[in-house]
Amino acid sequence: MPAKKIIKDPLTETSEVMALSEMPSSLTSTAPNIAFPIVGIGASAGGLDSFEQFFSGFPADAEPSMAFVLVQHLAPDHKSLLTDLIRRCTHFEVFEAEDGMEVRQNCVYVIPPNFDMAFLNGVLHLLEPSAPRGQRLPIDFFFRSLANDQRENAIGIVLSGTGSDGTLGARAIKGEGGMLMSQTPESSEFDGMPRSVIATGLADYILPSAEMAAQLITYVKHAYGKLHRHPAVDSPHTESALKKIFILLRSQTNHDFSNYKPSTINRRIKRRMAVHQINDIDSYVKYLQKTPPEAVALFRDLLIGVTNFFRDPEVFEVLEHEIIPRLFADKPPGAVIRVWSTGCSTGEEAYSIAILLQERIEKLKQNYSVQVFATDIDSRAIAIARAGLYPISIAADISPERLAHYFSLEPDGNYFRIHKSIRDMLVFSEQDLIKDPPFSRLDLISCRNLLIYLGMPLQKKLIPLFHYALKKNGILLLGTSEGIGDFIELFKILDRKAKLFQRKDDRLEGHNWNLLRTISPTAYANQTQIAGIKKMEFPAKLQLRELTEQALLQQLAPVCALVNWHGDILYLHGRTGKYLEPTPGEVGTNNILKMARDGLRSDLTLSLQKATVTKETARCSGLLVKTNGHYTLVNLIVCPVSTGSATTAEAYLYLVILEDVTADSSERSLPVDDSPIDEKINLDVDTESRITLLKQELRAKDEYLQSTREELESSNEELKSSNEEMQSVNEELQSTNEELETSKEELQSVNEELATVNHELQTKILSLSRANNDMNNLMAGTGIGTVFVDFKLHILRFTPAASTIINLIPSDIGRPVAHIVSNLVGYDGLVSDTQTVLDTLAVKEITVQTTMGRWYNMRIQPYRTLDNVIEGAVVSFVDITEIVQTRDALHKATELLRLAVVVRDAYDAITMQDLNGRILAWNQGAVRMYGWTEEEALLMNTAERIPENLRAEALTKVQELSQAEILEPYLTQRRTKLDEIVEVSITSTALIKENGEIYAIATTERIVGKMLP
């Protein structure tokens, strides 16, 4: 294997490889077509497990005839073990990629650490990374180079990983017609990368990594097998099937693709057939009919375009330094700059132009209004563009300064969002460039890499449309592989390499204008008005010089003129001065009949009329043409020349050929003065008298003929004058009609813009309504009563919970707070306290109680806007009833605790018994005095402690206690656990419920003396 070759200039080399996606396909790959597919597989965190599952899905004896290139985020300062780990789970040969390594089928190539890898001409190239660690996007880098090298044969697979690396590369692969797979988020350990790719809607298959191998083998076998050898959609007999596909697409999507370039359509249809393993196009038509979502999927595939920020940096350099300043050059401060970005896709190019405009405004330090209209027929792409949210991998296309100035990083760190100042410049709308009205009065139109997908009839329709939409001297920007075709009269070339064109004024030179009118009067009558100047189209690809020279070659004519059926000269060839001379008078259209010299005019008129009527060649030989005092012998030939555009008279031109005749042996001697020819010829004397008579008769007829000709010419002049007046009136009417049509189109354009703005406003209203609903539900869900008041203490808004505290109903909004009756007990200072808060801006808190017994913490604070402006006050009520109740209960519990401590630690015996004598309480003093433990005592009855002879007395004491709450201390006897009788002093107290009922008796007992048993 060759040794690694490290490129030491990462900036230039990286830029060169990244720019591959921006070059024409003829420049990006010169290698012969590789006979097997290259599969690029990208993964990040958690990728090892996905790699193992992917390769484990291949049968042990499988030879899939494809190569695999693995790109993973690896630590730059550690040796990678990925190559060895992959070898364990596959029978394919596995290599760590080296610079210049040629890719072979049924082999796996793994990216080494701390390198970017690109694919060019079937060879892997390693480059030192230019981006700092943490900002590198090696998967996007490789996918882009793979797409540009392999085009529709590229296959991309995105596995587990964090972030969004691989998303832009996946778009590049799909833009070139390749196939894309993504791991299902549920089966991936980290779902950031798969979700980012799936969100674009570009993935052909979304599968667990273990199931990808079988689907990949099926796809490759189908795409590179029978269909690859015999392209089903390129055969002539499939034209009918293609038309059916166009009909189905039009019915499903309302867009017509029949005039798109066949190569692009065929390639995308074949790819969809390969995805679904369909062998012939007729079966695919049936599948489209049965599966409406497939029509949408094919529509999406046909619209995929490779785009990124500041694509073609050289073009944007010219745009930034030469074109953008020109847009502002003649604009006063406050003027409007209008730009149209057609086929904007996901909006990267439209935002790039807006950034350049904003930078120019900041440099001029003046206020300008910028409107960038960005349109596309793909609603999904427009939705992405409207959001202004792009994966972090766009950092490879944008300078760090612009990235920091015009973008903000999302909290998850995976996406950049365009700043609102730039987003507000743009209006995105879904628009069909071919059938919808265009925008108007534009300073710049950007239509890059759209025309290359359209057929020539559509291109011929769009270039004049762009001319109409632009202002005078407006700029048209096309893609690097596009041009204006035959419409050179409409645009001036500003930069041929950058494809920049400037709109020309519609006013043409005089002879060219007459030429246009002469070639096709029908087209002239149906001309399209642009800025008030009438214009017509040439017959298809009419080249006057080419037609003339071809006819000359056929007739071998040295001197000729190409004329129309009126005789107006369109093109001259050779030295015609001997036969034609300018006519005196006003300079205008040169007519060959008026310019013909004596001796040629009458025969030329008759020959032209004959050729016009018969469409056959007319010949006149031996004409004597008077030239500067002598005569020239000439043969005249008039032959029709068809332009090929139609069969009408206006579709023919006529070639007038003049041949000098060489004198023979009987050459006549021509006179050198103005005398009649016949008088200079030597004649026999006998015939002289007869000739004189014939001459007189001929002269009389010539005079009569001349008089008739003059009368005819006078009548023709009068008819011509009347005809010109009618034409003038007709042109004025047509001009007025075209002005009305132009006004109608402008109104349609304005209406379209208003509809677009209205859609934007509806979207914002919907967002505002959703936010308002969220806020209402949030405020209602908290259960906190809140009342908003203005400076005059009028109610602005309140939550449902507030209506239970203050008697509020929806109609109270706008009424003063003082008019509202509250349910607060003992508090009537709401108005004064609120006014105090507005005056002092100090928050005030008060505890209040409602008539229902609920307690609330009332908080009054100023209402501040986002601009820190005080616009009223907010009164909020937080329910603290449970807190108050808990506080009271805690207070009571504290008191009981203190009493319990007294009972527990008292030296005297303190007991409690119910009315039946069952012991309920027994303190430590009772344990010391009588010997029974608390557990034992609680199982006893008080009668067991009283000697039998005293039990009647004890019963009497209980009865006395029922009549008094307390009995005076009295002496009696009690028995201990050791069966000893002790003399005790007892104080009894009745325990009474709230209703006055006695429920227990508490006693305090003290030993006075001990008696013998």
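Please read these numbers as outputs of a predicted model, since none were measured by experiment.

Asks: What is the right way to look at the sheet that holds strand β7 (residues 123-127) in this model?
Replies: Within a sheet, neighbouring strands are paired by backbone hydrogen bonds and run either parallel or antiparallel to one another. Taken together, 3 strands build an open sheet; the order of strands is β4-β7-β6 and the sheet is antiparallel. Among the strands making up the open sheet, the edge pair consists of β4 (101-102) and β6 (116-120). Pairing geometry for β6 and β7, over 5 bridges, is antiparallel. Within β7, the position partnered with Asp116 by the bridge is Leu127.

Asks: I tried to follow a nonpolar patch on the surface on my own but got confused; where do I start?
Replies: Residues Leu896, Leu899 and Val902 make up a contiguous nonpolar surface patch of about 310 Å² in total accessible area. Along the chain, Val902 falls in helix α27 (residues 881-905).

Asks: Please explain the confidence of the model for the protein as it appears in this structure.
Replies: A low pLDDT means the predicted coordinates there should not be read in detail. Looking at the protein as a whole, its pLDDT mean stands at 78, while 81% of the residues score no less than 70. Of the regions scoring below 50 in pLDDT, residues 1-32 engages in 64 contacts with residues more than four places distant in sequence or in other chains. The model gives residues 226-234 a pLDDT under 50, and that stretch makes 21 contacts with residues more than four places away or in other chains.

Asks: I would appreciate a short explanation of the pairing of strand β29 (residues 844-850) in the present structure.
Replies: Note on strand geometry: in a regular strand, side chains alternate between the two faces of the sheet. Where strand β28 (residues 824-825) meets β29, 2 bridges bridge the pair, whose relative direction is antiparallel. The residue bridging Val825 from the neighbouring strand is Gln849, located in β29. The antiparallel pairing of β29 with strand β30 (residues 855-864) creates a hairpin that spans 4 residues between the two strands, and Gly853 there sits at a positive phi of about 90 degrees.

Asks: Looking at this structure, how should I read the nonpolar core?
Replies: What tends to happen in soluble globular proteins is that the nonpolar side chains get buried as a cluster. Core analysis: the largest hydrophobic core is formed by 47 residues, its most contacted members being Ile245, Phe257, Trp340, Phe466, Leu476 and Phe491. Put simply, the parts of the chain that give this core at least two residues each are α10 (239-253), α11 (262-275), α12 (281-290), α13 (292-303), β17 (442-447), α19 (456-469) and β18 (470-478). Once you skip the residues sitting within four places of it in the chain, Leu476 turns out to touch Ile445, Phe466, Leu470, Ile484, Phe491, Lys499, Leu500 and Phe501. Counting residues in each nonpolar core, the second largest holds 46 residues, with Cys344, Ile355, Ile361 and Leu444 among its members.

Asks: Help me understand the side chain of Gln913 in this model?
Replies: With respect to the helices and strands, the residue Gln913 is situated in strand β32 (residues 909-913). The contacts of Gln913, once residues within four sequence positions are left out, are Arg918, Ile919, Leu920, Thr942, Ala1000 and Ile1001.

Asks: What exactly am I supposed to notice about the pattern of salt bridges here?
Replies: Applying the stated criterion across every chain yields a total of 28 salt bridges. Among the ionic pairs, Asp330 bridges to Lys331, the shortest N-O distance being 3.9 Å. The exposed category is assigned to Asp330, whose relative accessible area is 62%. Here Arg597 ties to Glu581 by a salt bridge, and the two come within 3.4 Å at their closest N and O atoms. Placement of Arg597 in the loop between α23 (592-595) and α24 (601-614) and of Glu581 in the loop between β22 (569-573) and α23 is noted, with a sequence separation of 16 residues between them.

Asks: Which parts of the structure should I look at to understand the sheet that holds strand β14 (residues 407-409)?
Replies: Sheet architecture is open: 3 strands sit in the order β13-β15-β14, paired in antiparallel fashion. Lying at the two open borders of the sheet, with one neighbouring strand each, are β13 (389-391) and β14. Averaged over all adjacent pairs, the angle separating strand axes in this sheet is 35 degrees, with direction ignored. Here β13 runs beside strand β15 (residues 415-418); their pairing, made up of 3 bridges, is antiparallel. Among the inter-strand pairings, Pro391 is bridged to a residue of β15, identified as Tyr415.

Asks: Where do I start with the side chain of Arg272 in this structure?
Replies: Topologically, Arg272 is positioned in helix α11. When its relative accessible area of 7% is taken as the criterion, Arg272 is described as buried. Of the polar contacts made by the side chain of Arg272, one reaches the side chain of Asp204; its length is 3.4 Å. Ignoring sequence-local partners within four residues, the contact set of Arg272 consists of Asp204, Tyr284, Glu294, Ala297, Leu298 and Asp301.

Asks: Help me understand unusual backbone geometry, please; the structure alone is not making it clear to me.
Replies: Working note: non-glycine residues mostly have negative phi, and peptide bonds are mostly trans. We note that Ser345 has phi near 55 degrees; this positive angle belongs to a residue other than glycine. The exposure class of Ser345 is buried, given its relative accessible area of 12%. In this structure, Asn449 is a non-glycine residue whose phi angle is positive, near 60 degrees. Relative to the helices and strands, Asn449 is located in the loop between β17 and α19. A residue is classified by how much of its surface remains accessible, and Asn449, at 17% relative accessible area, is buried.

So, how was this worked out
Along each chain, numbering runs from 1 in the same order as the chain's sequence is written. Whole-chain, interface and lining totals are the exception, using all residues; otherwise, since this is a predicted model, local features are given only for residues with pLDDT of at least 70 and side-chain atom pairs are given and counted only at 80 or more. Remark: hydrogens and water are excluded; side-chain values derive from all non-hydrogen atoms of the structure. Between any two strands, at least two bridges found by DSSP are needed for them to pair. A helix here means a DSSP run of H or I that spans at least four residues, while a strand means a run of E at least two residues long, and both kinds are numbered starting from the N terminus. Patch building starts from residues that exceed 30% relative accessible area and form no salt bridge, then joins like charges within 9 Å and nonpolar side chains (Val, Leu, Ile, Met, Phe, Trp, Tyr) within 5 Å. Each accessible area value is a Shrake-Rupley result obtained with a 1.4 Å probe; residue values ignore everything except the protein chains displayed when judging cover. Whenever Lys or Arg places a side-chain nitrogen within 4 Å of a carboxyl oxygen from Asp or Glu, that contact is recorded as a salt bridge. As a per-residue quantity, pLDDT reports the predictor's confidence and falls between 0 and 100. What makes two residues a contact is simply this: any of their non-hydrogen atoms within 4.5 Å. For the purposes of this section, nonpolar cores are sets of buried Ala, Val, Leu, Ile, Met, Phe, Trp, Tyr and Cys residues that join through side-chain atoms within 4.5 Å. Remark: exposure states derive from per-residue accessible area (1.4 Å probe, protein chains only) relative to the maximum for the residue type, with buried under 20%, exposed over 50%, and partly exposed in between. Fitted lines through C-alpha atoms serve as axes, helices being fitted only where they are in contact, and the angles separating the N-to-C directions of these axes extend from 0 to 180 degrees. A 3.5 Å cut-off defines polar contacts: any pair of N or O atoms within that distance qualifies, except that in protein one atom must be a possible hydrogen donor and the other a possible acceptor, and neighbouring residues in sequence count only when both atoms are side-chain atoms.

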